[in-house]
Each structure stands twice: as C-alpha cells, then as structure tokens.
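Residues per chain, in single letters:
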Amino acid sequence: MLLEGKTGVVFGVANKRSLAWAIARRANEEGARIAITYQGERLEENARELAQQLNNPLVLSCDVSKDDDIIASLPG
C-alpha cells in the first residue's frame, strides 16, 4: 500500500469516466483516504454515488475558480 496513512484531495470528479475519478479510485486502492470534490449541485449526486466505492471518503463541494472553496476543501 503505497499511500497508506495519506490523505489526498481530487478536484473535479464529474462522472465515472472522468480522469479525476480514475485518479481518486487508484489512490484509494493504494491506501489513501480521498476527498473528492464536485462543482455545483448538478454534479453532487454523481460524486456521492462514486464515493460509495471508496474507503472512508470525504465528499465536498468546490468551485476551483473560488480561492475560498479550494482552501475549505483541503484536509486539516
């Protein structure tokens, strides 16, 4: 487990075909706790459905064009 004990944030998970989702899934397989973000209410349901496939995920709303949203998404 290359990333065991690590926490990461993957921005912009839109759907199961997105590059962001592939990265989140792979990092989680290597032991990382992953926070995935979505932009806007329209993508929330998809992000939450996908997150159910991860171990102990965080699911956060984040508009990367807003600095405050990005800062709020970063793990403690």
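Residues numbered from 1 in each chain as written. Predicted model: local features only at pLDDT ≥ 70, side-chain atom pairs only at ≥ 80, totals over all residues. Heavy atoms only, no water.

Novice: Tell me about the overall build of the protein, residues and numbers included.
Specialist: A count of helical and extended segments in the protein gives 3 helices and 3 strands. Counting from the amino terminus, the protein carries its helices and strands in the arrangement β-α-β-α-β-α. On C-alpha atoms alone, the protein measures out to a radius of gyration of 12 Å, which is about the 11 Å that the 2.2 N^0.38 rule sets for 76 residues. Taken along the three principal axes of its C-alpha coordinates, the protein extends 35 × 25 × 20 Å. Buried residues in the protein amount to 30% of all 76 residues. Considering only contacts in the protein between residues 6 or more positions apart, those separated by 24 or more positions represent 58%. Element-wise, carbon and sulfur atoms account for 48% of the exposed surface of the protein, whose accessible area totals about 5100 Å². Taken as two groups, the 9 positive and 11 negative side-chain charges of the protein have centres that lie 6 Å from each other. (Helix = DSSP H or I, 4+ residues; strand = E, 2+ residues; numbered from the N terminus. Rg over C-alpha atoms; globule rule 2.2 N^0.38 Å. Buried < 20%, exposed > 50% of the residue type's maximum accessible area, 1.4 Å probe, protein only. Contact = heavy atoms within 4.5 Å. Areas by Shrake-Rupley, 256 points an atom, 1.4 Å probe, with all protein chains shown as cover. Lys, Arg positive; Asp, Glu negative; His and termini not counted. Charge placed at Lys NZ, Arg CZ, Asp CG, Glu CD.)

Novice: Which residues make up a nonpolar patch on the surface, and what values do they have?
Specialist: Side chains of F11, V64 and L74 sit close together on the surface and give an oily, nonpolar patch of about 250 Å² of accessible area. Examined against the element boundaries, L74 turns out to sit in the segment after helix 3 (67–73). Relative accessible area serves as the criterion here: at 46%, L74 is assigned to the partly exposed category. (Patch = residues over 30% accessible without salt bridge, like charges linked within 9 Å, V, L, I, M, F, W, Y side chains within 5 Å. Salt bridge = Lys/Arg side-chain N within 4 Å of Asp/Glu carboxyl O.)

Novice: Which residues make up the environment of N15, and what values do they have?
Specialist: Tracing the chain through its elements places N15 in the loop between strand 1 (7–10) and helix 1 (19–29). Taking the relative accessible area as the measure of exposure, N15 reaches 26% and is therefore partly exposed. On a C-alpha basis, the gap between N15 and E41 in space is 14 Å, while along the polypeptide they are 26 residues apart. With sequence-adjacent residues up to four places away left out, N15 is seen in contact with W21 and L50.

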